[in-house]
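Summary of the model geometry
The primary structure of each chain is shown beneath.
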Amino acid sequence: METVVWSRPEHERAGTPLLVMMHGYGTDESRMAKLFGSLPPGFSCAALRGPKMIGDHHGWFLLDYFLTHDFADVISSTNAVFAWIDSVKARHSSVSLLGFSQGMAMASTLLRLRPAQFRAVVGLSGFVLDNELLAMSESFDSPPPFFWGRDRADPVINGPATEYTGEWLERNTQLTARTYPGMGHAISAAELVDVGAFLRHYVLR
């Protein structure tokens, strides 16, 4: 990852739990960095910039209106994130993931490929990739804690993607699911309160 914004300076990170944060499609790491102050202060938060250029902004892999994806793009970005995590994880007590929109697709893909590596995962207004190759590689010894927050009327994540996401999460994770009417395709203050409670319970306690 060429661009990473941290919530605290390097000399304060040793031994802290790491929260890796991934933004949505067509934006950048600054979107996630704005959330630092609303997350539990015990974490070292790292907002990553997606490697794919989307106009003047960034993403993790190309998407169309129907959320169709190129699996080679997905794996390329996933491997880049894994390489970055591998370079820093020894300094931290645990690693958790938080992704918004397309970032949730990335977070859940990382979890599917290396489930034992992550303490907890947060997915906000996003989706899980419906992909046969990923499904074939899944092997969960125990269901990982997963927070899924969304607005049922989200105008961006389509019905089939939401249905698959719900089924996959129910089947594979220890799911905490919350909905926020009127939020749209966004992140709300009430949602962040719930995210904080989830992370304190599953990571910090």
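Residues numbered from 1 in each chain as written. Predicted model: local features only at pLDDT ≥ 70, side-chain atom pairs only at ≥ 80, totals over all residues. Heavy atoms only, no water.

1. Looking at the pairing of strand β3 (residues 44–48)
Taking burial as the measure, the 5 residues of β3 include 5 buried ones, the bulk of the element. Here β3 shows no split at all, with S44, A46 and L48 on one side and C45 and A47 on the other all buried. The sheet contact formed by strand β1 (residues 4–6) and β3 spans 3 bridges and is antiparallel. In the sheet register, V5 faces β3, and the bridge partner there is A47. Here strand β2 (residues 18–22) pairs with β3 via 5 bridges, running parallel. Looking at the pairing, L19 lines up with C45 of β3. (Buried < 20%, exposed > 50% of the residue type's maximum accessible area, 1.4 Å probe, protein only. Helix = DSSP H or I, 4+ residues; strand = E, 2+ residues; numbered from the N terminus. Pairing = 2+ DSSP bridges.)

2. Digging into the environment of D151
Here D151 shows up in the loop between β8 (145–150) and α5 (159–172). When the C-alpha atoms of D151 and R114 are compared, they prove to be 28 Å apart, with 37 residues separating the residues in sequence. The residues touching D151, leaving out its near neighbours within four places in the chain, are Y180, P181, G182, M183 and G184. Of note is the side chain of D151, whose polar atom sits 2.7 Å from the backbone nitrogen of G184. (Contact = heavy atoms within 4.5 Å. Polar contact = N/O pair within 3.5 Å; in protein donor to acceptor, adjacent residues only side chain to side chain.)

3. Here we look at the pattern of salt bridges
In this structure the tally under the stated criterion is 4 salt bridges. Here D73 and K52 are joined by a salt bridge, their closest N and O atoms 3.1 Å apart. With D73 in helix α2 (residues 71–88) and K52 in strand β4 (residues 52–54), this pair connects stretches of sequence that are 21 residues apart. A residue is classified by how much of its surface remains accessible, and D73, at 15% relative accessible area, is buried. A salt bridge links D86 to K89; the nearest nitrogen and oxygen atoms lie 3.3 Å apart. Looking at D86, the relative accessible area reads 34%, which means it is partly exposed. When salt bridges that share partners are traced, they join D86, K89 and R114 into one network. (Salt bridge = Lys/Arg side-chain N within 4 Å of Asp/Glu carboxyl O.)

4. Here we look at helix α3 (residues 102–113)
Taking 1.5 Å per residue as the helical rise, α3 with its 12 residues ought to reach 16 Å, and the 17 Å between its terminal C-alpha atoms agrees with that figure. Of all 12 residues in α3, 11 are buried, a share of seventy percent or more. Among the residues of α3, Q102, G103, M104, A105, M106, A107, S108, T109, L110, L111 and R112 are the ones counted as buried. (Expected span 1.5 Å × (residues − 1).)

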